[in-house]
Amino acid sequence: MYSLDVAAAQAMLTTTLLGRPLHYEAQVDSTQDLVRVAADAGAPEGLAVVAGQQLAGRGRAGRSWWSPPAGGLYLSLLLRPTLPGTHVPWITMCLALGTAEAVEHICGLRPDLKWPNDLELRGRKLAGILAEGTFSGERLSHVVAGLGLNANVDFSSQPDLQTIATSLQQELGYTVDPSALLVAILERTEEHYLALRRGVSPVPAWSARLVTLNRAVEAHLPGGQTISGTACGVLDDGALRIRLDDGHEEIIRAVDVTLRHEH
């Protein structure tokens with residue numbers, strides 16, 4: 001069973017910002033919603049809400065996120081960066097890098113980052129990240145950054161997910177300590193976020209781990225159009241550059257991209 005020990009996590013935590021404060025809920029509709037309400041009420045930057053189960057977890061583009069009662073790590077952070085609104089993806093990058101490094105540190109596994117916001121192991125989805133910005137006029141007021149990580153999830157009862165998703169437990173063959181994993185995620189993510197606040201772009205470190213780059217891809221655009229080409233780079237705001245088969249280049253943001261060998 002899922003057994004995140006918040007008191008133990010708080011005792012281990014060495015951060016100065018993230019997870020201060022840290023709240024745990026056994027079951028919620030969505031940690032994103034809880035943090036958004038807290039943000040609107042003036043909660044401090046660094047607030048972290050972690051849940052044992054989400055009843056209405058969601059991913060990018062409003063998709064649902066399967067959140068069984070035992071096994072997942074569901075986390076949302078409140079951040080108040082001084083960033084252009086176009087650079088909210090930088091927060092996604094910080095959380096992606098922090099999570100990948102935490103998994104390496106705790107589990108000895110090296111996740112790939114898949115554009116724009118997933119972590120994968122052996123081509124199967126391990127985690128998804130959702131960073132949602134709130135604006136005051138044109139100024140970015142705050143960002144709620146959410147993480148859904150398959151820590152000890154058993155997909156044996158979900159045949160439709162078995163081929164596309166995995167968990168740390170499935171990869172390792174044993175249960176991962178969610179408290180130690182949470183602490184590592186907060187600590188590693190804070191390093192990247194504090195660097196961002198000092199003006200350091202996370203793009204180089206993030207793009208270096210992108211499994212999507214230099215691969216043949218298909219991008220599924222709004223309206224049903226599909227384009228094919230090679231993912232050849234990212235822009236400063238995280239947008240993906242695709243060199244089309246006819247030699248032209250397209251810049252895409254927040255659409256579905258798949259590696260072409262998957263079809």
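Scroll up to find the structure.
Residues numbered from 1 in each chain as written. Predicted model: local features only at pLDDT ≥ 70, side-chain atom pairs only at ≥ 80, totals over all residues. Heavy atoms only, no water.

### What to know about the overall build of the protein chain
Here's step 1: The helix and strand inventory of the protein chain stands at 7 helices and 12 strands.
Here's step 2: In terms of its C-alpha atoms, the protein chain occupies a principal-axis envelope of roughly 55 × 45 × 30 Å.
Here's step 3: Across the 263 residues that make up the protein chain, the buried fraction comes to 55%.
Here's step 4: Here the analysis covers contacts within the protein chain between residues at least 6 apart in sequence; of these, 64% occur between residues at least 24 apart.
Here's step 5: On the protein chain, roughly 11,500 Å² of surface is accessible, and the fraction owed to carbon and sulfur atoms is 51%. (Helix = DSSP H or I, 4+ residues; strand = E, 2+ residues; numbered from the N terminus. Buried < 20%, exposed > 50% of the residue type's maximum accessible area, 1.4 Å probe, protein only. Contact = heavy atoms within 4.5 Å. Areas by Shrake-Rupley, 256 points an atom, 1.4 Å probe, with all protein chains shown as cover.)

### Some points on the environment of Ala127
Here's step 1: Inspection of the secondary structure assignment puts Ala127 in strand E6 (residues 124-136).
Here's step 2: Considered as a pair, Ala127 and Arg243 are 116 residues apart in the sequence and their alpha carbons are 27 Å apart.

### Structural notes on the packing of helix H3 (residues 89-107) against helix H6 (residues 178-197)
Here's step 1: Direction vectors running N to C along H3 and H6 enclose 140°, while the axes themselves pass 7 Å from each other. In terms of their interaxial angle, H3 and H6 are classed as oblique. The handedness of the crossing between H3 and H6 comes out as right-handed. The residues of H6 that touch H3, namely those facing Trp90, Ile91, Cys94, Leu95, Leu97, Gly98, Thr99, Glu101, Ala102, Val103, His105 and Ile106, are Ala180, Leu181, Ala184, Ile185, Arg188, Thr189, His192, Tyr193 and Leu196.
Here's step 2: The class makeup of the residues in the contact of H3 with H6 is 14 nonpolar, 5 polar and 2 charged. (Axes fitted to C-alpha atoms, helices over the stretch in contact; angles between N-to-C directions. Parallel < 35°, antiparallel > 145°, perpendicular 65-115°, else oblique. Left-handed = near helix turned anticlockwise from the far one by under 90°. Nonpolar A, V, L, I, M, F, W, Y, C, P; charged D, E, K, R; others polar.)

### Comments concerning the sheet that holds E6
Here's step 1: With mixed pairing, the 7 strands of this open sheet are ordered in space as E1-E2-E3-E7-E6-E5-E4. Looking at strand neighbours, the two that pair on one side only are strand E1 (22-25) and strand E4 (112-114), the edges of this open sheet. Taken over all neighbouring pairs, the strand axes of this sheet differ in orientation by 20° on average, direction set aside.
Here's step 2: Where strand E3 (residues 72-79) meets strand E7 (residues 139-150), 8 bridges bridge the pair, whose relative direction is antiparallel. The residue of E7 that forms the bridge with Tyr74 is Gly148.
Here's step 3: Its contacts with the sheet place H6 against E1, strand E2 (48-51), E3 and E7, and it is angled at close to 30° to E3. (Pairing = 2+ DSSP bridges.)

### As for the side chain of Ser30
Here's step 1: With respect to the helices, strands and loops of the structure, Ser30 is situated in the loop between E1 and helix H2 (31-40).
Here's step 2: You can call Ser30 buried: its relative accessible area is 3%.
Here's step 3: A distance of 3.1 Å separates a polar side-chain atom of Ser30 from the backbone nitrogen of Gln32. (Polar contact = N/O pair within 3.5 Å; in protein donor to acceptor, adjacent residues only side chain to side chain.)

### Observations concerning the sheet that holds strand E9 (residues 226-234)
Here's step 1: Strand order in the open sheet formed by 5 strands is E11-E10-E9-E8-E12, with antiparallel pairing between adjacent strands. Each edge of the sheet is formed by a strand with only one pairing partner; in this case those strands are strand E11 (249-252) and strand E12 (256-259). Ignoring strand direction, the axes of neighbouring strands in this sheet form an average angle of 45°.
Here's step 2: Looking at chain direction, strand E10 (residues 240-244) and E11 are connected through 4 bridges and run antiparallel. By the bridge assignment for E11, Arg243 is matched with Glu249.

### Side note on the pattern of salt bridges
Here's step 1: Enumeration according to the criterion identifies 10 salt bridges in this entry.
Here's step 2: For the salt bridge of Glu132 with Arg36, the shortest nitrogen-to-oxygen distance reads 2.5 Å. Remark: Arg36 occurs in helix H2 and Glu132 occurs in strand E6; sequence separation between them is 96 residues.
Here's step 3: Its relative accessible area of 22% is what places Arg36 among the partly exposed residues.
Here's step 4: Here the salt bridges do not stand alone but share partners, grouping Asp33, Arg36 and Glu132 into one network. (Salt bridge = Lys/Arg side-chain N within 4 Å of Asp/Glu carboxyl O.)

### Quick word on unusual backbone geometry
Here's step 1: Between Arg20 and Pro21 the backbone carries a cis peptide bond, its omega angle lying at 10°.
Here's step 2: Among the secondary structure elements, Pro21 is positioned in the loop between helix H1 (6-12) and E1.
Here's step 3: Going from Trp115 to Pro116, the amide bond is cis rather than trans, its omega being 0°.
Here's step 4: With respect to the secondary-structure elements, Pro116 resides in the loop between E4 and strand E5 (118-121).

### What to know about H2
Here's step 1: For H2, every residue scored as buried is listed here: Thr31, Gln32, Val35 and Ala39. Each buried residue of H2 lies within a common arc of 100° when the element is viewed along its axis, so the set occupies one face. Exposed and oriented more than 90 degrees from the buried face of H2 are Val37 and Asp40.
Here's step 2: Residues of H2 that are buried sit in contact with E2, E3, E6 and E7.
Here's step 3: Within two residues after H2, Gly42 carries a phi angle of roughly 95°, on the positive side. (Arc of directions from axis to C-beta.)

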